[in-house]
Amino acid sequence: MSAAQSTPDTVVAEDEVAGICQALIRIDTTNYGNNEGAGERKAAEYVAELIHEVGLEATVLESAQGRANVVTRIEGTDKSLPALIVHGHLDVVPAFKEEWSVDPFGAEIKDGMIWGRGAVDMKDMDAMILAVMRQMQRTGTRPRRDLVFAFFADEEAGGDYGARWMVEHHPELFEGATEAISEVGGFSATIDGKRAYLLQTAEKGIAWLKLTANGRAGHGSQINEANAVTRLAAAITRIGEHDWPISYTDTTRAFLEGVSGMTGIEFTEDNPQVLLNELGNVARFVGATLQNTANPTVLSAGYKHNVIPGSAEALLDVRTLPGQHEAVMETLRALAGPDVELSSLHLDRALEVPFAGGLVDSMVAALNREDPEAVVLPYMLSGGTDNKSLSRLGITGYGFAPLRLPAELDFTGMFHGVDERVPVDSLKFGTRVLRDLLTTY
Ligand SMILES: [Zn+2]
């Protein structure tokens, strides 16, 4: 971990961003969701070392053995301005070596790209944040407002050992902050031959639910009109086949209007598919943001071939549009029917923030200075980020990890996918945009 030591003062962020990204990928921080992985401690120590080396204090906080978070702050020149949080997560989802064409923790550079787990989600952005912070600190560049830099554990399992824990146990570290930027936004997608940068202004909510059907246990040879398995099967069929209506929010409407503007194809509310067809690979990424979804994912019932069990269970992965959680729950209860109970195992809120205001203007301007042809569109993420946890402190979060990408790269398909890779030139571009933003906003 000594790559950072004795770095000369003349080094700028673009010079070291790729090396930091590689070093982070080589530290395996796999999150299996059950606290059994290696944890983020080693990566957190490396991050703290990079922070210390340029003369800043780093606070390293363990939420559990090996689960470490790092926070530091650069003081701004104008104390009247609220602070901005720039955050990333250090954990990654598992990678199975045999599925990859390279070592997922090797971080080799091939075809001008860094390959490895986390190259897209999100050690790329972690490296950009660190490189920019280090250059600012080395050159004595003070931001206007306080910048809080946070590197969280456990994002990939909901943040119980990461952002959620930090917000509950150490809210003082985020004091004075009203806004945040982080992952899954700011990257380019090519639409009708033009580059659109998708700035994330909304996230769907998460409801992981359990369905429990109760019935009358009995012998498998008898007539049983209260069979829990049959009841459960009927309920999950109704839920799984339910046709959730298309429902627009400010974000998805503005996104499709933007695509319409780029392509010259009219946006008709009852047939968004015409516009989605113009998006190529990105269509899969944003398609689920036009409606609620409820997918049955796990089934369990019974223990012997000739015994009718008294109960049967299924798990549902439900993703809700902003403001629609209660309505979705009501629909699900009706679909489940009177003999099937619905309970919540994990809930997290949907977010939607305006595509307007000083921070949005600054992000758009920073992109336009590096890519004058850029069109910037708001979009909604069908998954979630640590911005959900920060929103508990009233902090408005955006997805802005800027990358100018080659048209042919299926970037959005690589989140949690195999052969994750990020072009080195894209990282350097993103570093310039992020430095521009952080030194001017
Ligand atoms: Zn991520």
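Just above, that's the structure.
Residues numbered from 1 in each chain as written. Predicted model: local features only at pLDDT ≥ 70, side-chain atom pairs only at ≥ 80, totals over all residues. Heavy atoms only, no water.

Colleague: Would you explain the overall build of the protein chain in this entry?
Modeller: The helix and strand inventory of the protein chain stands at 12 helices and 19 strands. Here the protein chain has a C-alpha radius of gyration of 23 Å; the compact-globule value for 441 residues is 22 Å, and the two agree. If you line up the protein chain on its principal axes, its C-alpha atoms span 80 × 55 × 45 Å. With 441 residues in all, the protein chain has 56% of them scored as buried. Expressed as a percentage of contacts within the protein chain between residues at least 6 apart in sequence, the contacts between residues at least 24 apart total 79%. A total of about 18000 Å² of accessible surface is found on the protein chain, and carbon and sulfur atoms cover 48% of it. (Helix = DSSP H or I, 4+ residues; strand = E, 2+ residues; numbered from the N terminus. Rg over C-alpha atoms; globule rule 2.2 N^0.38 Å. Buried < 20%, exposed > 50% of the residue type's maximum accessible area, 1.4 Å probe, protein only. Contact = heavy atoms within 4.5 Å. Areas by Shrake-Rupley, 256 points an atom, 1.4 Å probe, with all protein chains shown as cover.)

Colleague: Looking at this structure, how should I read the coordination of the zinc ion?
Modeller: Six octahedral donors at a metal ideally form angles of 90 or 180 degrees, and four tetrahedral donors ideally form angles of 109.5 degrees. At this site the zinc ion is bound by His 89 (NE2), Asp 121 (OD), Glu 183 (OE) and Glu 183 (OE), with donor distances of 1.8 to 2.8 Å. Taking relative accessible area as the criterion, Asp 121 reaches 5% and is therefore assigned buried. Owing to a relative accessible area of 4%, Glu 183 belongs among the buried residues under this scheme. (Donors = N, O, S within 2.8 Å, 3.2 Å for Na, K, Ca; no water.)

Colleague: Which parts of the structure should I look at to understand the sheet that holds strand 4 (residues 109-110)?
Modeller: Adjacent strands of a sheet pair through backbone hydrogen bonds, lying either parallel or antiparallel. If you trace the 3 strands from one edge of the open sheet to the other, you get 4-5-19, paired in antiparallel fashion. Since the sheet does not close on itself, it has two edges, and those belong to strand 4 and strand 19 (421-423), each with one partner. Alignment of strand 5 (residues 113-115) against strand 19, held across 3 bridges, turns out to be antiparallel. Bridging across to strand 19, Met 113 finds its partner in Pro 423. (Pairing = 2+ DSSP bridges.)

Colleague: Just checking my understanding: could you explain the side chain of Asn 292 for this structure?
Modeller: One can find Asn 292 in the loop between helix 8 (282-287) and strand 12 (293-301). We classify Asn 292 as buried; its relative accessible area is 5%. A polar contact is formed between the side chain of Asn 292 and the backbone nitrogen of Leu 321, at a distance of 2.7 Å. Here Gln 324 takes part through its side chain, which lies 2.9 Å from a polar atom of the side chain of Asn 292. Setting aside residues no more than four positions away along its own chain, Asn 292 makes contact with Lys 204, Trp 244, Arg 319, Thr 320, Leu 321, Gln 324 and Val 328. (Polar contact = N/O pair within 3.5 Å; in protein donor to acceptor, adjacent residues only side chain to side chain.)

Colleague: Just to check I follow, could you spell out the packing of helix 5 (residues 228-240) against helix 9 (residues 325-336) for this structure?
Modeller: In a pair of packed helices, the angle between the axes and the distance between the axes together describe the arrangement. Axis separation between helix 5 and helix 9 bottoms out at 8 Å; the angle between their running directions is 140°. Of the possible angle classes, the one that applies to helix 5 and helix 9 is oblique. Viewed along their axes, helix 5 and helix 9 form a crossing whose handedness is right-handed. Along the contact surface, helix 5 presents Ala 235, Arg 238 and Ile 239, while helix 9 presents Leu 332, Leu 335 and Ala 336. Class assignment for the residues of the contact of helix 5 with helix 9 results in 5 nonpolar, no polar and 1 charged. (Axes fitted to C-alpha atoms, helices over the stretch in contact; angles between N-to-C directions. Parallel < 35°, antiparallel > 145°, perpendicular 65-115°, else oblique. Left-handed = near helix turned anticlockwise from the far one by under 90°. Nonpolar A, V, L, I, M, F, W, Y, C, P; charged D, E, K, R; others polar.)

Colleague: Mind showing me how you'd approach the pattern of salt bridges here?
Modeller: Between side chains of opposite charge, a pair can form when the charged atoms approach closely. A complete count under the given rule lists 26 salt bridges for this structure. A salt bridge links Glu 225 to Arg 216; the nearest nitrogen and oxygen atoms lie 3.2 Å apart. Among the residues examined, Glu 225 registers a relative accessible area of 61% and is labelled exposed. Assessed through its relative accessible area of 40%, Arg 216 is described here as partly exposed. Among the salt bridges present, the one from Asp 371 reaches Arg 404, with a minimum N-O distance of 3.9 Å. Here Arg 404 lies in the loop between strand 18 (396-399) and strand 19 and Asp 371 lies in the loop between helix 10 (358-370) and strand 17 (375-381), a separation of 33 residues in the sequence. Here Asp 371 falls in the buried class, since its relative accessible area comes to 1%. One network of salt bridges, in which partners are shared, links Glu 16, Glu 53, Arg 134 and Arg 138. (Salt bridge = Lys/Arg side-chain N within 4 Å of Asp/Glu carboxyl O.)

Colleague: Explain the layout of surface pockets here, please?
Modeller: Gaps left between atoms are located by rolling a probe of water-molecule size over the structure's atoms. One number sums up the size of the largest pocket: a volume of about 660 Å³. Elements with a contribution of two residues or more to the lining of the largest pocket: strand 10 (205-214), helix 8, strand 15 (340-348) and helix 11 (387-390). Class assignment of the residues belonging to the lining of the largest pocket gives a composition of 7 nonpolar, 12 polar and 9 charged. When we break the lining of the largest pocket down by domain, the ones giving at least three residues each are domain 1 (13-183 + 385-440) and domain 2 (203-348). In this structure, the second largest pocket spans a volume of roughly 200 Å³. Surrounding the second largest pocket, 16 residues form its lining, Ala 189, Thr 190, Val 282, Ala 407 and Leu 409 being those nearest its centre. Of the residues forming the lining of the second largest pocket, the biggest block, 4 residues, is contributed by strand 8 (residues 187-191). (1 Å grid on protein atoms, 1.4 Å probe; cavity = no way out; pocket = protein on both sides within 12 Å on 5 of 7 lines; lining within 4 Å. Points joined across faces, edges and corners; volume = space filled by probe spheres on them. Domains from an automatic or database assignment.)

Colleague: Looking at this structure, I do not really get the packing of helix 10 against helix 12 (residues 424-440). What am I missing?
Modeller: Their axes nearest at 9 Å, the elements helix 10 and helix 12 cross at an angle of 140°. Taken together, the axes of helix 10 and helix 12 are oblique relative to one another. Crossing hand, helix 10 versus helix 12: right-handed. Listed contacts from helix 12 to Leu 359, Ser 362, Met 363, Ala 366, Leu 367, Arg 369 and Glu 370 of helix 10 are Phe 429, Arg 432, Val 433, Asp 436, Leu 437 and Thr 440.

Colleague: Help me understand the packing of aromatic side chains, please; the structure alone is not making it clear to me.
Modeller: Describing an aromatic ring pair means giving the distance of the ring centres and the angle of the ring planes. Evaluation of the coordinates by the stated rule reveals 9 aromatic pairs. Judged by centre distance (6.2 Å) and plane angle (75°), the ring pair of Phe 187 and Phe 285 falls under edge-to-face. Placement of Phe 187 in strand 8 and of Phe 285 in helix 8 is noted, with a sequence separation of 98 residues between them. For the pair shown, Phe 187 and Phe 285 are each scored as buried. For the ring pair Tyr 197 and Phe 429, a centre distance of 6.1 Å and an interplane angle of 20° mean the geometry is stacked. (Phe/Tyr/Trp six-rings, centres within 6.5 Å; stacked < 30°, edge-to-face > 60°.)

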